[in-house]
Amino acid sequence: MEFHNDDEPIYVISVAARLVEMHPQTLRYYERAGLLKPTRSSGKIRLYSRREIEQLRKIARLTEVGVNLAGVEVIIDLMERMEKMEQQTK
């Protein structure tokens, strides 16, 4: 059985979109908005990691309750800072 770390880019955009139940164009839009930055293969194919899939799920939850993309960016930034602070205190 093969294990992947959470940052390893393993999903192409069609699979990532299916996993988060979004249209691939939405994922491209979020990339243009700066909310995530998938890795590109040598053939310029977008590859998403498990961490980015989770990031997309967070974005979806926030937009479903009415947060606009600017707000999503601020909230995610704050959440990441809190996680880093928690890691430093352990």
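Everything discussed here concerns the structure shown above.
Predicted model, so just to flag it, every value in this text is computed and none were measured.

A few points about helix α1 (residues 13–20)
Next up, step 1: Ile-13, Ala-16, Ala-17 and Val-20 are the residues of α1 that are buried. Projected onto a plane normal to the axis of α1, the buried residues spread over an arc of 100 degrees and lie on a single side.
Next up, step 2: Looking at the buried residues of α1, the elements they touch are β1 (11–12), α2 (24–32), β3 (46–48) and α3 (50–64).
Next up, step 3: One or two positions beyond α1, positive phi appears at Glu-21, with a value near 55 degrees.

Here we look at the packing of aromatic side chains
Next up, step 1: In the structure shown here, the tally under the stated rule is 1 aromatic pair.
Next up, step 2: Ring plane angle 50 degrees and centroid distance 6.1 Å describe the contact between Tyr-29 and Tyr-30, whose orientation is recorded as tilted.
Next up, step 3: Residue classification places Tyr-30 among the buried positions, given a relative accessible area of 8%.

Some details on the packing of α1 against α2
Geometrically, a packed helix pair is captured by the angle between its two axes and the distance between the axes.
Next up, step 1: At a minimum axis distance of 8 Å, the contact between α1 and α2 shows a crossing angle of 100 degrees. By the angle between their directions, the pair α1 and α2 is classed as roughly perpendicular. Residues Ile-13, Ala-16, Ala-17 and Val-20 of α1 form the contact with α2, whose participating residues are Pro-24, Leu-27 and Arg-28.

Basis of the calculations
- Residues numbered from 1 in each chain as written.
- Predicted model: local features only at pLDDT ≥ 70, side-chain atom pairs only at ≥ 80, totals over all residues.
- Heavy atoms only, no water.
- Buried < 20%, exposed > 50% of the residue type's maximum accessible area, 1.4 Å probe, protein only.
- Helix = DSSP H or I, 4+ residues; strand = E, 2+ residues; numbered from the N terminus.
- Arc of directions from axis to C-beta.
- Contact = heavy atoms within 4.5 Å.
- Phe/Tyr/Trp six-rings, centres within 6.5 Å; stacked < 30°, edge-to-face > 60°.
- Axes fitted to C-alpha atoms, helices over the stretch in contact; angles between N-to-C directions.
- Parallel < 35°, antiparallel > 145°, perpendicular 65-115°, else oblique.

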